[in-house]
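# Structural features, examined
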Amino acid sequence: MRQFVLRRLALMVPTLFLAVTAVFILVRIIPGDAVTLLLDSSQYSKQDADAIREQLGINDSIPVQYEKFLKQVVTGDFGVSIWSGQDVMDTLLKDRLPITLELTFFATLFGILLGVPAGIVAALRQDSLWDYVVRTIGIGGLSVPGFWLATMVLVLPAFWWGWTLPIGYKTFAEDASKHVQQILVPALVMSVALAAVLMRMTRSMMLEVLRQDFVRTARAKGLAGRVVIVRHCLRNAMLPLVSIVGVQVAVLLAGTVIYETVFTLPGVGSYLYEGVARRDYPVVQGVTVMLTVGVIFLNLIIDVSYPIIDPRVRV
Amino acid sequence: MLQSTSEPAIMAPRPGEVPSPLRLWSGRLAHFFRQKPMGAFGLVVVVALLFCAIFASVIAPYDYTERSGQALTGPSADHIFGTDKLGRDMFSRVIYGARATVKIGLGAAALATFTALVAGLTSGFIGGWYDAIVQRLVDTFMSLPGIVIVLSVVAFAGGGEGTTILVLGLLAAPGMSRVIRGATLQVRGQPYIEAARAMSASTPRLILRHTLPNITAPTIVVGTLAIGNAILAEAALSFLGFGVNPPTPSWGQELNASGRQYMQIAPWLAIFPGVAISLTVFSFNMLGDALRDVMDPRLRNT
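Residues numbered from 1 in each chain as written. Chains lettered and ligands numbered in written order. Predicted model: local features only at pLDDT ≥ 70, side-chain atom pairs only at ≥ 80, totals over all residues. Heavy atoms only, no water.

## Considering the overall build of chain B
A count of helical and extended segments in chain B gives 13 helices and zero strands. Beginning at the N terminus, the succession of helices and strands in chain B can be written as α-α-α-α-α-α-α-α-α-α-α-α-α. Viewed in the frame of its principal axes, chain B has a C-alpha envelope of about 75 × 55 × 30 Å. Each of the 302 residues in chain B was classed as buried or not, and the buried ones make up 51%. Surface accessibility of chain B: about 14000 Å² in total, with carbon and sulfur atoms responsible for 65%. Where the 22 positive side-chain charges of chain B centre and where its 16 negative ones centre are 9 Å apart. (Helix = DSSP H or I, 4+ residues; strand = E, 2+ residues; numbered from the N terminus. Buried < 20%, exposed > 50% of the residue type's maximum accessible area, 1.4 Å probe, protein only. Areas by Shrake-Rupley, 256 points an atom, 1.4 Å probe, with all protein chains shown as cover. Lys, Arg positive; Asp, Glu negative; His and termini not counted. Charge placed at Lys NZ, Arg CZ, Asp CG, Glu CD.)

This is how it looks when you write it as C-alpha cells:
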C-alpha cells in the first residue's frame with residue numbers, strides 16, 4: 001500500500017510538470033499582447049505599461065519567460081497584484097481559499113446526499129415513476145447551465161417576494177446566520193450538476209450490480225434487504241462512483257469562477273474573475289497554476305483511494 | 001413528418017431496384033424518428049436553431065440594436081419576450097443570439113474533431129512510443145481545469161469569437177481523441193487492413209483510405225456531443241463578459257450579471273435566453289446519445 005502511494009506520488013511529478021507547461025504554452029500560443037490589452041482598458045499610462053512589461057518579463061524571449069514561470073511555480077511566488085499591490089499567494093491562501101473550500105465541500109456533500117440515494121431508489125424500482133423522474137433530472141440537470149440556475153435563484157425570489165441573499169460577504173464569526181445563507185444557497189445550486197451525474201451513474205451501476213449472482217446468494221441466505229443493498233451492492237458500485245465524484249469535484253472547483261462571481265463571494269474563483277477583468281496577470285497566473293495543481297492533487301487522492309475502497313485494485 | 005413514417009413502402013425498395021439516395025435517406029430518417037423519439041426531438045430543435053441563425057434577419061421582427069419599444073416592458077403581442085433595459089426586443093435578440101451560438105458551437109466542435117482525428121488516428125494506428133507520448137499528453141490536457149484555462153487565455157489574448165473557438169476547440173480535443181483512438185485500434189486489427197498492407201499500401205493511405213471511413217460513426221457521435229459542450233462553455237464565457245463582444249447578441253451575455261438589477265424587476269430578461277441555452281444543449285445531448293445508440297452501440301456508457 002505504501003509503495004503504491006509512493007509510486008503514485010513519484011508519477012505526479014512529470015504530470016505536474018507537463019500540466020504547468022501546457023498552461024504556459026496554451027496561454028502564449030494564442031496571439032495577442034497582454035500589455036496592449038492592458039492599455040486598451042485605459043486604466044494605465046504608457047509608463048505603467050513599460051513597468052508592467054518589465055515586471056511580467058514579456059520583453060524576454062519565450063525560453064527565458066518559461067524559465068521564470070517555472071521558478072514561480074516551484075517557489076509559489078507569483079509576485080504582487082498589479083491592481084491591489086498585495087502578494088498574490090498570500091491573498092489566495094489567507095483570504096480566498098477558505099471560502100472556496102467551504103463552498104466546494106458543501107456542494108459536494110449536497111450532491112452526494114441528493115444524487116446517490118435517488119439513484120439507488122431509481123435502480124431498485126426500475127421503470128417506476130420515480131425512476132423516470134431521476135432519469136429526466138439526470139439528463140436535464142446537465143443541460144441547464146449552472147450560471148443560469150444561479151441567476152434564477154437570485155432573480156425570481158427577488159421578483160416574487162422581494163427576498164435577496166444578504167449583500168456583502170460576512171465571515172462566520174462576523175454574522176453566522178448571514179454566512180450560512182451566503183454559503184449554503186450557492187452550494188445547493190452548485191450541487192445540482194453533481195447530483196444529476198451521480199443519480200445517473202448510481203442508477204446504472206446499481207442496476208448492473210443487482211443482477212450479479214452474489215446479490216442473489218446474499219438474498220437467498222436471508223440477509224435483510226438493507227444489508228444487501230449497503231454492504232453488497234453499494235460497496236461494489238462505489239469504485240466508479242468515487243472516481244466520478246473526484247472528477248466532478250475538480251469541475252466544481254473550476255466552476256467556482258462562475259458561482260462565486262454570480263453570488264459575489266470573495267473566493268479563489270472570483271479572484272480569478274477579477275484578475276481576468278482587470279488584466280491583473282500575476283493574479284491570473286497564480287490562480288490558474290494553483291487550481292491546476294489542486295486538480296491534479298485531487299486526481300492523486302482518488303487514485304490512492306481506489307485500493308482502500310476496493311482491495312482487488314491493490315497491485 | 002411523423003405521418004410519413006407509418007408507410008413501410010419507403011423503407012423497402014422493390015427487389016433488384018437500387019433505391020435513390022433521397023429515398024434511402026428519408027427511409028433512414030423515418031426509422032430514426034420512430035426508434036429514438038427524444039433524439040428526433042433534438043434533431044428538430046437543432047434544425048430549427050440552424051434555421052434561426054441563418055434567417056435571423058427574416059424571422060426577427062426587429063433589428064437586435066433597434067429600440068423598438070419602451071424599456072423593460074413584459075411579454076406582449078408586439079414583444080412576445082418583452083423588452084430589455086434599452087427597449088430592444090428580446091425575441092429578436094434571442095433569435096439573433098442563435099448566430100453566435102451556432103458559429104462558436106460548430107466552429108469549436110469542428111476544430112476539436114479535426115484535432116482529435118489527427119491525434120487519435122495517428123496515435124492509435126502508429127502505436128509504440130509515439131502512442132505512449134501522445135497519450136501522456138492527452139492525460140495531461142484532460143486533467144486541466146477547463147474553464148480556468150479558458151479564462152487565463154482570454155486574460156492574455158483578449159476575448160472575442162476567434163479566441164473562444166480556438167481555446168474551446170483545443171481543450172475539447174484530447175477527450176475526443178481517446179474515443180477515436182479506441183475505434184482506430186479496433187479497425188487496425190481487421191483483416192482488410194492487413195490485406196491492404198499486403199498490397200503495399202503506405203501508412204498514410206492505410207490511415208486515410210482504410211481506417212478513417214470506418215471510424216466515422218464514433219467521430220460523428222463525439223462531434224455532436226462536443227457541439228453541445230462548446231455551446232455551454234461559450235454561454236458561460238459570454239455570461240462572465242469574456243466571450244462574444246457586444247453589441248453582437250449572445251444568449252450567455254444577455255444573462256450577464258451587470259443586468260441583474262433589471263432582471264429582478266423584469267425576470268423575462270433572464271428566463272428566455274436561459275431557456276434557449278438549456279433547450280439547445282439538451283437537444284444536442286439527446287441527438288448525440290441517440291446517434292450513439294443507433295450508429296455505434298459499442299460506445300454506450302462512455
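## A closer look at helix H4 (residues 62-75) of chain A
Working note: α-helix, 3.6 residues per turn, so residues spaced by three or four point in the same direction. In this model H4 of chain A runs 20 Å from its N-terminal to its C-terminal C-alpha over 14 residues, within 8% of the 20 Å that 1.5 Å per residue would give. Positive phi appears at Gly76 of chain A, one or two residues downstream of H4 of chain A, with a value of about 75°. (Expected span 1.5 Å × (residues − 1).)

## Notes on the packing of helix H8 (residues 191-198) of chain B against helix H9 (residues 203-211) of chain B
Residue and element names in this part refer to chain B. Their axes nearest at 11 Å, the elements H8 and H9 cross at an angle of 140°. Taken together, the axes of H8 and H9 are oblique relative to one another. Considering how the two elements wind past one another, H8 and H9 form a crossing that is right-handed. Where H8 approaches H9, its residues Tyr192, Ile193, Ala196 and Arg197 are matched on the opposing element by Leu206, His210 and Thr211. A per-class count over the contact of H8 with H9 returns four nonpolar, two polar and one charged. (Axes fitted to C-alpha atoms, helices over the stretch in contact; angles between N-to-C directions. Parallel < 35°, antiparallel > 145°, perpendicular 65-115°, else oblique. Left-handed = near helix turned anticlockwise from the far one by under 90°. Contact = heavy atoms within 4.5 Å. Nonpolar A, V, L, I, M, F, W, Y, C, P; charged D, E, K, R; others polar.)

## A word on the packing of aromatic side chains
One pass over the structure, following the stated rule, counts 12 aromatic pairs over all chains. Relative to Tyr66 of chain A, the ring of Phe24 of chain A has its centre 5.0 Å away and its plane inclined at 55°; by these criteria the two rings are tilted. Here Phe24 of chain A, found in helix H1 (residues 2-29), pairs with Tyr66 of chain A, found in helix H4; they are 42 residues apart in sequence, far enough to count as distant. Under the relative-accessibility criterion, Phe24 of chain A is labelled buried at 5%. Considering the side-chain rings of Trp129 of chain B and Tyr130 of chain B, the 6.5 Å spacing of their centres and the 85° angle between planes classify their relative orientation as edge-to-face. Tyr130 of chain B sits in the partly exposed class, given a relative accessible area of 28%. One aromatic cluster is present, formed by Phe24, Tyr66 and Phe69 of chain A through successive ring pairs. The side chain of Arg28 of chain B reaches across the aromatic face of Trp25 of chain B, ending 4.9 Å from its centre. (Phe/Tyr/Trp six-rings, centres within 6.5 Å; stacked < 30°, edge-to-face > 60°. Lys NZ or Arg CZ within 6 Å of the ring centre and 35° of its normal.)

## Re the environment of Leu208 of chain B
Residues and elements named next belong to chain B. When you line up the elements, Leu208 lands in helix H9. For Leu208, a relative accessible area of 52% corresponds to the exposed category. Leu208 sits 62 residues away from Gly146 along the chain, and the two C-alpha atoms are 31 Å apart.

## A closer look at the interface of chain B and chain A
Contacts between the two partners involve 46 residues from chain B, matched on the other side by 50 residues from chain A. In total, about 4200 Å² of surface goes out of reach between chain B and chain A, with carbon and sulfur atoms giving 78% of it. Where chain B touches chain A, the interface holds one salt bridge. Linking Asp289 of chain B and Arg200 of chain A is a salt bridge whose minimum nitrogen-to-oxygen distance equals 3.9 Å. Counting across the interface, chain B meets chain A through three residue pairs in polar contact (both at pLDDT 80 or more). Broken down by secondary-structure element, the contributors of at least two residues to the side of chain B that touches chain A are helix H5 (128-142), helix H6 (146-157), helix H7 (161-188), helix H10 (216-240), helix H12 (260-263) and helix H13 (268-295) of chain B. Looking at the side of chain B that touches chain A residue by residue, the class counts come to 34 nonpolar, nine polar and three charged. (Buried area = accessible area lost by both parts, 1.4 Å probe. Salt bridge = Lys/Arg side-chain N within 4 Å of Asp/Glu carboxyl O. Polar contact = N/O pair within 3.5 Å; in protein donor to acceptor, adjacent residues only side chain to side chain.)

## Things to note about unusual backbone geometry
Positioned with a positive phi, Thr264 of chain A is a non-glycine residue whose angle comes to about 45°. Along the chain, Thr264 of chain A turns up in the loop between helix H10 (225-262) and helix H11 (268-277). Under the relative-accessibility criterion, Thr264 of chain A is labelled exposed at 59%. Phi is positive for Ser200 of chain B, close to 60°, though the residue is something other than glycine. Along the polypeptide, Ser200 of chain B turns up in the loop between H8 and H9.

## Here we look at the nonpolar core
Counting residues in each nonpolar core, the largest one holds 152 residues, and the members touching the most others are Phe147 and Phe263 of chain A together with Leu151 of chain B. Ignoring sequence-local partners within four residues, the contact set of Phe263 of chain A consists of Ala150, Leu154, Leu165, Val185, Pro186 and Val189 of chain A. (Core = buried A, V, L, I, M, F, W, Y, C linked by side-chain atoms within 4.5 Å.)

## Thoughts on empty space enclosed by the protein
In the structure shown here, the tally under the stated rule is one cavity of 30 Å³ or more. For the largest cavity, the calculated volume is near 30 Å³. For the largest cavity, the full set of lining residues is Val23, Phe24, Val27, Arg28, Phe69 and Gln285 of chain A together with Ser152 and Phe156 of chain B. Broken down by element, the lining of the largest cavity gets its largest block of residues, four residues, from H1 of chain A. Of the residues that constitute the lining of the largest cavity, the class distribution is five nonpolar, two polar and one charged. (1 Å grid on protein atoms, 1.4 Å probe; cavity = no way out; pocket = protein on both sides within 12 Å on 5 of 7 lines; lining within 4 Å. Points joined across faces, edges and corners; volume = space filled by probe spheres on them.)

## Re the packing of H7 of chain B against H10 of chain B
Residue and element names in this part refer to chain B. In the contact formed by H7 and H10, the axes pass within 10 Å of each other and the chain directions differ by 155°. Compared by their axis directions, H7 and H10 come out roughly antiparallel. You can see that H7 and H10 cross each other, and the crossing is right-handed. Along its contact with H7, which presents Thr164, Leu168, Met176, Val179, Ile180 and Ala183, the element H10 presents Pro218, Thr219, Val222, Gly223, Ala226, Ala230, Ala233, Glu234 and Leu237. The class makeup of the residues in the contact of H7 with H10 is 11 nonpolar, three polar and one charged.

## Notes on the environment of Ala22 of chain A
With respect to the helices and strands, Ala22 of chain A occurs in helix H1. Leave out the neighbours within four places in its chain, and Ala22 of chain A touches Phe141 and Leu144 of chain B.

## Here we look at the side chain of Asp131 of chain A
Residues and elements named next belong to chain A. As for its placement among the helices and strands, Asp131 is situated in helix H6 (residues 129-143). You can call Asp131 buried: its relative accessible area is 0%. For Asp131, the side chain forms a polar contact with the side chain of Arg203, separated by 2.6 Å. Excluding residues within four positions of it along the chain, Asp131 makes contact with Ala122, Arg125, Gln126 and Arg203.

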